[in-house]
Amino acid sequence: ALQAFYLSFTHYDYDITQPPVWVGLENFQALLKDRIFWITLKNTLLYLIGVVPILAIASLALAILVNQKLRGIRWFRVAYYTPVVISMVVAGIAWHWLYDENGLLNQVLIWMNISEQGIPWLTSPNLVLVSVMGVTIWKGLGYYMVIYLAGLQSIPAELYEAAAIDGSDNWIKHWDITLPLMRPYLFLVSVISAISAAKVFEEVFIMTQGGPRNSSKTVVYYVYEQAFQRLEISYACTIGLILFLIILGLSI
């Protein structure tokens, strides 16, 4: 990390046999004028805005559902947690097939007469980022559900019984009791999911390669592209430093 910080103030490219040359703030000045960097930063922020609230709320609702004392409820917990243990490579390939022009999702939509030719999930600049977000949400729901489930099971049952006597029942009890007591878990899940969303890479790499027309390219993918495709090592370190500052801000 310290070396990357140092290299962001140098010129160090594909000719790695030559030592880095100190250039001061040149890379940062180039970054300010880099149109693609600002596109990737916008996409990353959109990813944060789209993924974090849904994960925080949907995984809590899922945790409440699987916290019921019903026969076979453990099987539901396992089923909802299964996407977490699936490799992102496998999940990305599977979802790429599902989203394909002739994939299962479009075949179902055509069969139900919802769409005549299907939906360009991964080829439309307006839809591709949302489609990739869907995979991230599907993959992360079970993980955050388990965190919430631990919090829910620490809430004394007597509180809900007392609330029922006072007329606070069904979903109202969750508003009066669950949400206030789960606030630390909500903050924890929000921070963790925000950091994960800011670092999203595998989904983009496997499913879209940043396309079409940079519409799904994120900051981390741009770092990879600069460092490993163009071998602009120092410029990639500069982008990485900006991402580090963003994640540090989220953590604080």
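We now examine the overall build of the chain. The number of helices and strands found in the chain is 13 helices and 2 strands. By principal-axis analysis of the C-alpha atoms, the chain measures approximately 75 × 50 × 25 Å. Expressed as a percentage of the 252 residues in the chain, the buried residues total 43%. For the chain, the accessible area works out to roughly 14800 Å², and carbon and sulfur atoms hold 66% of it. A distance of 4 Å separates the average location of the 14 positive side-chain charges in the chain from that of its 16 negative side-chain charges.

Here we come to the packing of helix H7 (residues 128-152) against helix H10 (residues 183-198). One way to put it is that H7 packs onto H10 with a least axis distance of 10 Å and a crossing angle of 165 degrees. In terms of axis orientation, H7 runs roughly antiparallel to H10. Considering how the two elements wind past one another, H7 and H10 form a crossing that is right-handed. Residues Tyr144, Ile147, Tyr148 and Gly151 of H7 lie in contact with H10, whose contacting residues are Tyr185, Leu186, Leu188, Val189, Ile192, Ser193 and Ser196. Of the residues contributing to the contact of H7 with H10, the split by class is 8 nonpolar, 3 polar and no charged.

On the surface, a nonpolar cluster with roughly 720 Å² of combined accessible area is contributed by Trp97, Leu104, Val108, Trp111, Met112 and Ile114. Considering each element in turn, the nonpolar patch owes the most residues, 3 residues, to helix H6 (residues 104-111). Mapped onto the fold, leucine 104 is located in helix H6. On the accessibility criterion, leucine 104 (42% relative accessible area) is partly exposed.

This part takes up the pattern of salt bridges. Counting across every chain of the model gives 1 salt bridge. For the salt bridge of glutamate 225 with lysine 217, the shortest nitrogen-to-oxygen distance reads 3.0 Å. In this structure, glutamate 225 and lysine 217 share a single accessibility class: buried.

Next up on the list: the nonpolar core. Soluble globular proteins tend to bury their nonpolar side chains together. Among the nonpolar cores identified, the biggest contains 50 residues, and Tyr47, Tyr148 and Ile239 are the most heavily contacted of them. When contributions to this core are tallied by element, the ones reaching two or more residues are helix H3 (35-66), H7, helix H8 (157-165), H10, helix H12 (219-229) and helix H13 (233-251). Of all the elements, H3 adds the most residues to this core, at 14 residues. By size, the runner-up hydrophobic cluster in this structure holds 9 residues, among which are Met88, Trp95, Leu98 and Tyr99.

What counts and how
- Residues numbered from 1 in each chain as written.
- Predicted model: local features only at pLDDT ≥ 70, side-chain atom pairs only at ≥ 80, totals over all residues.
- Heavy atoms only, no water.
- Helix = DSSP H or I, 4+ residues; strand = E, 2+ residues; numbered from the N terminus.
- Buried < 20%, exposed > 50% of the residue type's maximum accessible area, 1.4 Å probe, protein only.
- Areas by Shrake-Rupley, 256 points an atom, 1.4 Å probe, with all protein chains shown as cover.
- Lys, Arg positive; Asp, Glu negative; His and termini not counted.
- Charge placed at Lys NZ, Arg CZ, Asp CG, Glu CD.
- Axes fitted to C-alpha atoms, helices over the stretch in contact; angles between N-to-C directions.
- Parallel < 35°, antiparallel > 145°, perpendicular 65-115°, else oblique.
- Left-handed = near helix turned anticlockwise from the far one by under 90°.
- Contact = heavy atoms within 4.5 Å.
- Nonpolar A, V, L, I, M, F, W, Y, C, P; charged D, E, K, R; others polar.
- Patch = residues over 30% accessible without salt bridge, like charges linked within 9 Å, V, L, I, M, F, W, Y side chains within 5 Å.
- Salt bridge = Lys/Arg side-chain N within 4 Å of Asp/Glu carboxyl O.
- Core = buried A, V, L, I, M, F, W, Y, C linked by side-chain atoms within 4.5 Å.

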